Amino acid sequence: VQLILTPKSLNRIVATFSSEYINGEVKADTIKLHIFKDFPYLTLSIQNGAVISGALAHVRDTMPQLIPAQADTLLKFKYLNISLSLPQLLSSNVNIKIINLVSPEIYAYLAPDSSANYNILKTTSDSSSNNKAEAEEESSMEVTVNRINIREGAKIVYNSMPDSLLAELTLNRANLRGTFSTNLNKLRFNRADISKFSIRSSKQATINDTLHSANAE
């Protein structure tokens with residue numbers, strides 16, 4: 001059994017999810033949900049997706065000249081496939097057997113005031129729920145990933161304005177196995193196979209230099 005969400009229903013579901021759990025927006029062209037393909041695991045497939053961060057909105061209002069245009073796009077990819085356990089999902093735990101990513105690009109940005117575009121998860125205090133028991137249950141939710149596969153290239157950029165540091169990691173493909181969990185007591189790394197990767201870093205203009213250049217223009 002397979003569910004294909006139309007763009008209209010997709011936008012509605014994504015908007016609801018985004019406003020409830022993250023300070024940002026999740027976009028995608030197509031989402032497919034396979035129920036019995038790998039039962040008891042659900043398989044979720046997303047094509048041409050992106051995570052747009054809202055964590056830098058206040059910084060853009062006060063220092064727009066310091067924020068790169070691409071800083072709001074935390075993650076984008078051509079294809080994402082996730083297989084997660086249905087029984088554990090029903091018990092408020094997210095157990096992901098495998099994540100397959102095609103051509104992911106991550107842009108991690110740290111603004112001059114140390115605001116980070118990757119700090120998008122809402123805390124329990126941000127939730128609109130008034131039920132204390134429900135809030136405690138949500139805060140104790142555990143997320144575990146057992147395997148991550150990346151193919152057709154990946155690019156990770158870290159741009160830190162406070163440190164004047166720009167670093168970039170590129171690789172052709174990667175296969176990671178272990179227990180990658182929000183519960184640090186269960187965190188375990190078993191194996192990594194990485195092909196054709198490169199790392200480079202450089203010092204960039206300081207905040208004062210950037211402000212001076214922007215004012216001169």
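Calculation notes
Residues numbered from 1 in each chain as written. Predicted model: local features only at pLDDT ≥ 70, side-chain atom pairs only at ≥ 80, totals over all residues. Heavy atoms only, no water. Pairing = 2+ DSSP bridges. Helix = DSSP H or I, 4+ residues; strand = E, 2+ residues; numbered from the N terminus. Patch = residues over 30% accessible without salt bridge, like charges linked within 9 Å, V, L, I, M, F, W, Y side chains within 5 Å. Areas by Shrake-Rupley, 256 points an atom, 1.4 Å probe, with all protein chains shown as cover. Salt bridge = Lys/Arg side-chain N within 4 Å of Asp/Glu carboxyl O. Buried < 20%, exposed > 50% of the residue type's maximum accessible area, 1.4 Å probe, protein only. pLDDT = per-residue confidence, 0-100. Contact = heavy atoms within 4.5 Å.

### Some thoughts on the pairing of strand β7 (residues 105-110)
With two bridges connecting them, strand β5 (residues 73-85) and β7 associate as antiparallel partners. By the bridge assignment for β7, Leu 75 is matched with Ile 106. Alignment of β7 against strand β9 (residues 154-160), held across six bridges, turns out to be parallel. Following the sheet pairing, Tyr 107 is matched in β9 by Val 157.

### Describing a nonpolar patch on the surface
On the surface, Ile 194, Phe 197 and Ile 199 cluster together to form a nonpolar patch covering roughly 340 Å² of accessible area. Considering the arrangement of structural elements, one finds Phe 197 in strand β11 (residues 188-203). Residue class for Phe 197 comes out exposed when judged on its relative accessible area of 52%.

### Some words on the pairing of β11
One ladder, built from 14 bridges, connects strand β10 (residues 165-181) with β11; its direction is antiparallel. Each residue of the ladder has a partner; that of Leu 166, found in β11, is Ser 202. Linkage of β10 to β11, two consecutive antiparallel strands, is achieved through a turn of six residues.

### Focus on the confidence of the model for the protein chain
Averaged over every residue, the pLDDT of the protein chain is 82; residues scoring 70 or more account for 77%. Low confidence marks residues 211-217, where pLDDT is under 50. Its contacts with residues over four positions away, or in another chain, come to three contacts.

### Some remarks on unusual backbone geometry
A cis amide bond, omega 10°, links Phe 39 with the succeeding residue Pro 40. Within the secondary structure layout, Pro 40 lies in the loop between β3 (30-38) and β4 (41-53). Here the phi dihedral of Ser 114 falls at roughly 75°; this positive angle occurs in a residue that is not glycine. Its location among the elements puts Ser 114 in the loop between β7 and α4 (132-139).

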